[in-house]
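# Commentary on secondary and tertiary structure
Residues per chain are reported as follows:
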Amino acid sequence: MTVVVQQATAALAQIDGWIAVEERREAERRRGVEMRPAPPDWLIQYGLNRTNVGAVHTGDCWAAAKSGRCRPATRQQALDAQRQQVPPCIHCRPDTALGILD
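Once that is clear, we can look at the pattern of salt bridges. Applying the stated rule across the entire model yields 5 salt bridges. Between glutamate 22 and arginine 25 there is a salt bridge, with its nearest N and O atoms 2.8 Å apart. Here glutamate 22 and its partner arginine 25 are both found in helix α1 (residues 2-35), 3 residues apart, which amounts to about one turn of the helix. For arginine 30, the salt bridge is made with glutamate 26, and the minimal N-O distance between the two is 3.8 Å. Of this pair, arginine 30 and glutamate 26 both sit in helix α1, 4 residues apart, which is roughly one turn of the helix. Relative accessible area serves as the criterion here: at 43%, arginine 30 is assigned to the partly exposed category. Here the salt bridges do not stand alone but share partners, grouping Glu26, Arg29 and Arg30 into one network.

Let us look at the side chain of glutamine 45. Locating glutamine 45 in the fold gives a position in strand β1 (residues 42-46). One polar contact links glutamine 45 to histidine 57, side chain to side chain, over a distance of 2.6 Å. Setting aside anything within four residues of it in sequence, one finds glutamine 45 in contact with Asn52, Val53, Gly54, Ala55, His57, Ser67, Arg69 and Cys70.

Looking only at helix α3 (residues 75-83), the buried set comprises Ala78, Leu79, Ala81 and Gln82. For α3, the arc enclosing every buried residue in end-on projection is 160 degrees, short of the 170-degree limit, so these residues lie on one face. Once α3 finishes, glutamine 85 follows within two positions and takes phi at roughly 70 degrees, a positive value.

Another aspect to go through is the environment of glutamine 14. Inspection of the secondary structure puts glutamine 14 in helix α1. Overall, the relative accessible area of 45% leaves glutamine 14 in the partly exposed class. On a C-alpha basis, the gap between glutamine 14 and valine 53 in space is 56 Å, while along the polypeptide they are 39 residues apart.

Cut-offs used in this document
Residues numbered from 1 in each chain as written. Predicted model: local features only at pLDDT ≥ 70, side-chain atom pairs only at ≥ 80, totals over all residues. Heavy atoms only, no water. Salt bridge = Lys/Arg side-chain N within 4 Å of Asp/Glu carboxyl O. Helix = DSSP H or I, 4+ residues; strand = E, 2+ residues; numbered from the N terminus. Buried < 20%, exposed > 50% of the residue type's maximum accessible area, 1.4 Å probe, protein only. Polar contact = N/O pair within 3.5 Å; in protein donor to acceptor, adjacent residues only side chain to side chain. Contact = heavy atoms within 4.5 Å. Arc of directions from axis to C-beta.

Next comes the structure, spelled out in structure tokens:
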């Protein structure tokens, strides 16, 4: 009977260790999310040579995230790009968000 108790105690200790590790991982993940900077409100997508401007996006646009060629921009920079005929993203419609189109 004592062997069964010892094995059960060891198994519980092992499970407690696993739980502690997972709780630490979750706390680290939450800290990482809390410390992450806020996404920019506007993004400007550049071409492959990094000089051609390809599109204007809102900061939460999924298409911009997939392109990997976007840089954060201020509202004024996004407005200026739109005025210079840089096309708006067809998915997030930053021209509407900027108040250029209603």
